[in-house]
Amino acid sequence: MVYKSLDSITRSDIKALGISDDVSNKLLRDLEDIIRNHHGSPPPERWIEISRRILHPNLPFSFHQMMYYGCYKDFGPDPPAWLPDPKVASLSNVGGLLERRGREFLGDDYENPVSSFSKFQEFSVSNPEVYWRTILDELNIEFSVPPKCVLEKDTSGDNPGGNWLPGAYLNPARNCLSNNGSKRSSDEVVIRWRNEGSDDLPVNAMTLLELRSQVWLTAHALNTLGLQEESAIAIDMPMNVESVIIYLAIVLAGHVVVSIADSFSPREISTRLKISKAKAIFTQDEIIRGDKSIPLYRRVVDAEAPLAIVIPARGSFVRMNLRENDLSWNEFLGKAGNMRGVEYIAVEKPAGACTNILFSSGTTGEPKAIPWTNISPLKSAADAWCHMDVHQGDVVAWPTNLGWMMGPWLVYASLINGACMALYNGSPLGPAFAKFVQDAEVTMLGVIPSIVRTWQNSNSTSGYDWSRIRCFGSTGEASNVDEYLWLMSRAHYKPVIEYCGGTEIGGSFITGSLLQPQSLAAFSTAAMGCKLFILGEDGNPLPPDAEGVGELALCPHMLGASSTLLNGNHYKVYFQGMPTFQGHVLRRHGDLFERTSKGYYRAHGRADDTMNLGGIKVGSIEIERVCNSVDDSVLETAAIGVPPPTGGPEQLVIAVVLKNPELRNHNLNLLKKSFNSEIQKKLNPLFKVSSVVTLPSLPRTATNKVMRRVLRQRLTQTGLSSKL
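In this text, all values refer to a predicted model and were calculated from it rather than measured experimentally.

Asks: Outline the packing of aromatic side chains, listing residues and values.
Replies: Inspection of every chain in the model, using the stated rule, returns 27 aromatic pairs. Centroid distance W47 to Y68: 5.2 Å. Interplanar angle 75°. Geometry classified as edge-to-face. Of this pair, W47 sits in helix α3 (residues 43-53) while Y68 sits in helix α4 (residues 61-71); the two residues are 21 residues apart in sequence, bridging distant segments of the chain. Neither residue differs from the other here; W47 and Y68 are each classed as buried. Judged by centre distance (5.9 Å) and plane angle (15°), the rings of F433 and W455 are stacked. Taken together, the residues span a long stretch of sequence, with F433 in helix α17 (residues 431-439) and W455 in helix α18 (residues 449-458) at a distance of 22 residues. The pair F433 / W455 is uniform in exposure class, with both members buried. Members of the aromatic cluster, connected to one another through ring pairs, are Y3, W47, Y68, Y69, Y72, F75 and Y493. For the cation-ring pair, R587 lies above Y574, with the distance from its terminal atom to the ring centre recorded as 4.5 Å.

In structure tokens, the structure reads:
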């Protein structure tokens with residue numbers, strides 16, 4: 001759609017969006033006032049004034065788009081949707097630190113928190129000893145034995161990432177349950193939650209004192225099971241208040257959590273139990289979603305799991321027969337009934353000791369088993385402190401599961417930072433979750449793009465007040481500009497901090513900052529303590545700050561990053577065959593990234609999701625961003641390069657999911673023509689869509705990543721037909 005510049009917009013244009021005469025008149029007067037008072041101002045300043053003075057969630061989103069695109073007409077790439085306010089920036093975690101110690105860190109290069117942030121990020125990489133000691137102090141991390149230093153770099157070549165916090169002993173669960181350096185009281189609420197179906201009831205709350213007592217009791221009960229030290233204990237259940245208590249208790253007792261997503265089949269559960277050699281598993285009798293009941297315990301039994309402790313989904317009692325030797329939640333806690341209220345002395349372990357085994361998506365073959373050490377939680381908490389500005393008084397919600405890294409991340413990112421976590425025990429896709437965000441007074445809301453797409457298409461957030469949100473976080477897959485403009489508009493244009501990393505990183509390597517302008521669907525900075533490289537066609541890093549597209553590589557020295565795999569050769573997976581930089585072999589990640597002319601980064605999917613169209617390499621996501629906005633009937637697309645049966649150059653196929661499945665016989669030739677027109681106009685005139693196919697949905701991993709490889713295999717096998 002072609003948008004007018006702001007000074008060309010008329011009252012008729014606004015009324016055409018379904019806005020009444022009176023409101024249209026007022027909006028136009030306010031717009032003309034901003035144009036007049038900000039004549040000559042750069043577009044970002046105009047946009048910020050418009051987003052604050054004119055726009056609100058009750059106006060049609062088409063009007064928000066009219067203002068955004070009208071303001072930035074002819075601006076070029078990467079228009080910022082949010083700008084930091086210097087006065088507010090100095091009150092943020094990093095801003096406050098720089099106000100106090102910026103000159104100490106940066107010398108004469110220090111100006112102020114906003115203009116000096118990039119320099120501080122570089123300082124975090126070049127001075128890990130000073131930077132990480134400072135951050136660990138800010139987080140009030142308690143060590144039973146302090147580290148000898150922050151980083152011992154490896155000279156043998158066996159461990160390119162080095163040895164972090166050597167000599168240190170700690171327990172991250174104890175840090176979650178502490179008073180955070182006396183910054184929070186024991187009667188402060190640390191978990192808010194609600195069960196699906198109880199949406200008109202007050203939000204439940206648990207204080208730090210109550211959480212501490214429940215975790216201690218659960219840890220005491222673990223001691224009655226006769227497990228050896230550092231036993232692997234699985235959790236396969238929804239992320240609710242009970243699973244958080246269990247998670248913290250396992251870590252507090254010095255055991256190792258085995259993370260298993262509650263969506264997995266018996267075969268997938270069994271695979272993970274065998275790899276981890278789990279000795280017990282916590283699960284739920286069933287998962288209740290609306291009128292449906294999913295028999296979770298049955299799956300665990302079918303997986304031939306070891307000793308199971310079964311928590312009831314509703315009420316106080318498990319309403320099914322258990323296997324011999326399996327325990328109900330009440331029976332399990334009853335084993336330690338005489339220890340209720342008695343402090344559990346945390347088991348302190350070396351910094352490099354394993355506390356959690358997580359798994360990659362495992363879309364092909366056996367999933368990688370990735371150990372999180374005692375250091376990984378520190379990385380998660382530090383990322384939240386630095387990039388999402390999480391602190392005491394915040395309420396953090398992120399729909400996820402302990403089976404994926406964002407589950408443990410949420411536990412540590414909220415509790416270590418003295419914040420409260422908000423848990424909704426139900427589907428996050430509908431109005432009930434939007435109401436929970438309002439009622440729980442969430443201040444930091446994490447999302448994945450497909451959830452946002454569903455909210456927008458179903459208008460799930462309508463009528464709910466999200467004004468307490470200070471920022472959003474987004475991870476899991478590449479986001480869409482218009483969908484995230486809509487998301488920002490729901491909370492009066494609070495920023496979206498994109499967050500990309502991996503289970504093996506313990507957090508992110510590239511993200512955003514509240515001290516930098518944020519552009520939609522883009523990253524503004526490497527994560528603190530991380531250095532990024534984009535590899536050119538020759539496999540070597542592009543010059544610093546050069547724009548370009550290539551596979552992303554990482555400096556090997558990252559606090560919290562993995563150094564071993566339980567079932568694989570870590571060096572072979574992440575380092576073998578990689579180029580070196582200043583004598584250090586770079587770490588492989590596998591994502592394709594672009595650095596833009598204005599210094600932002602954009603994700604283009606996995607490096608193996610690139611295709612060669614007429615001798616030009618292009619990422620699937622780059623094409624999908626264009627195709628997703630071509631036609632209102634399109635919900636989402638996947639771009640795949642398919643080799644013809646007779647050989648030759650890859651052909652571009654667009655798999656389309658329509659908003660209305662009944663329109664499966666949509667005019668695909670017309671859609672193909674529209675796709676070609678927009679792709680050739682916005683990307684490259686030589687690109688050509690060979691075929692368009694319709695699907696009811698895109699195949700995805702359990703973490704919601706599109707499995708383009710699966711689509712490519714199907715298309716190659718079936719030929720380029722209009723149906724799969």
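What follows picks up the thread again.
Asks: Please provide a residue-by-residue account of the pairing of strand β31 (residues 601-606), values included.
Replies: Counting buried residues in β31 gives 5 out of 6 residues, a clear majority hidden from the surface. Note that strand β30 (residues 587-595) and β31 share 4 bridges and pair antiparallel. By the bridge assignment, D591 is partnered in β31 with R606.

Asks: Just give me the short version of the pairing of strand β16 (residues 369-373), but keep the residues and values in it.
Replies: Along β16, 5 of the 5 residues are buried, which leaves the element largely enclosed by surrounding structure. In this sheet, β16 lies alongside strand β15 (residues 354-359) in antiparallel orientation, the contact comprising 5 bridges. Its bridge partner being in β16, C354 is matched across the sheet by T373.

Asks: Can you break down the state of the cysteines residue by residue, with the values?
Replies: In a disulfide, the sulfur atoms of two cysteines are held together by a covalent bond. Enumeration over the complete set of coordinates arrives at 0 disulfides. For the unlinked cysteine C176, the closest cysteine sulfur is that of C420, found at 13 Å. There is no disulfide at C471, and the cysteine sulfur nearest it, in C386, is 13 Å away. Classification of C471 as buried rests on a relative accessible area of 1%.

Asks: Run through the UniProt feature "domain: Acetyl-coenzyme A synthetase N-terminal" (unreviewed entry) in the protein chain, naming residues and quoting values.
Replies: In the UniProt entry, the feature "domain: Acetyl-coenzyme A synthetase N-terminal" (unreviewed entry) is given for residues 119-176. In this annotation, residues 119-176 is assigned 41% helix and 10% strand; the end-to-end C-alpha distance for the span is 31 Å.

Asks: Go over unusual backbone geometry with me, naming the residues and quoting the values.
Replies: Notably, N325 is not glycine yet its phi reads approximately 85°, a positive angle. You can see N325 is positioned in the loop between β12 (307-311) and β13 (327-328). Assessed through its relative accessible area of 62%, N325 is described here as exposed. A positive phi angle, close to 60°, is found at Y493, a residue other than glycine. Counting through the fold element by element, Y493 comes out in the loop between α19 (481-490) and β21 (496-498).

Asks: Hey, could you go over the sheet that holds strand β27 (residues 548-554) for me, with residue numbers and the actual values?
Replies: The strand order β26-β27-β30-β31 describes an open sheet built from 4 strands, whose pairing is antiparallel. The outermost strands of the open sheet, each flanked by one partner alone, are β26 (532-534) and β31. Taking each pair of neighbouring strands and ignoring which way they run, the sheet shows an average axis angle of 40°. Relative to β27, β26 is paired through 3 bridges, and the arrangement is antiparallel.

Asks: Could you give an account of helix α22 (residues 668-682), with specific residues and numbers?
Replies: Between its first and last C-alpha atoms α22 spans 21 Å; for 15 residues at 1.5 Å apiece the expected length is 21 Å, and the two agree. Where α22 is concerned, the buried positions are L668, L671, F675, N676, E678 and I679. Where α22 is buried, its residues contact α21 (620-627), β34 (634-642), β35 (651-658) and β36 (689-695). For α22, the N-terminal capping position is held by N667, with its side-chain oxygen 3.2 Å away from the main-chain nitrogen of N669.

Asks: Go over α19 with me, naming the residues and quoting the values.
Replies: The buried fraction of α19 amounts to 8 of the 10 residues, a majority that puts the element mostly inside the structure. Every buried residue of α19 is accounted for by E483, Y484, L485, W486, L487, M488, S489 and R490. Its side-chain oxygen placed 3.0 Å from the backbone nitrogen of D482, N480 serves as the N-cap of α19. H492, located one to two residues past α19, shows a positive phi value of around 55°.

Asks: Got a sec to walk through the sheet that holds strand β23 (residues 507-511)? Specific residues and values, please.
Replies: Across the sheet, 3 strands lie side by side as β22-β23-β25; this open sheet has antiparallel pairing. Looking along the sheet, the strands with just one partner apiece sit at the ends: β22 (500-502) and β25 (525-526).

The rules behind these values
- Residues numbered from 1 in each chain as written.
- Predicted model: local features only at pLDDT ≥ 70, side-chain atom pairs only at ≥ 80, totals over all residues.
- Heavy atoms only, no water.
- Phe/Tyr/Trp six-rings, centres within 6.5 Å; stacked < 30°, edge-to-face > 60°.
- Helix = DSSP H or I, 4+ residues; strand = E, 2+ residues; numbered from the N terminus.
- Buried < 20%, exposed > 50% of the residue type's maximum accessible area, 1.4 Å probe, protein only.
- Lys NZ or Arg CZ within 6 Å of the ring centre and 35° of its normal.
- Pairing = 2+ DSSP bridges.
- Disulfide = S-S within 2.5 Å.
- UniProt positions renumbered as here; feature names shortened; annotations may be inferred.
- Axes fitted to C-alpha atoms, helices over the stretch in contact; angles between N-to-C directions.
- Expected span 1.5 Å × (residues − 1).
- Contact = heavy atoms within 4.5 Å.
- Polar contact = N/O pair within 3.5 Å; in protein donor to acceptor, adjacent residues only side chain to side chain.

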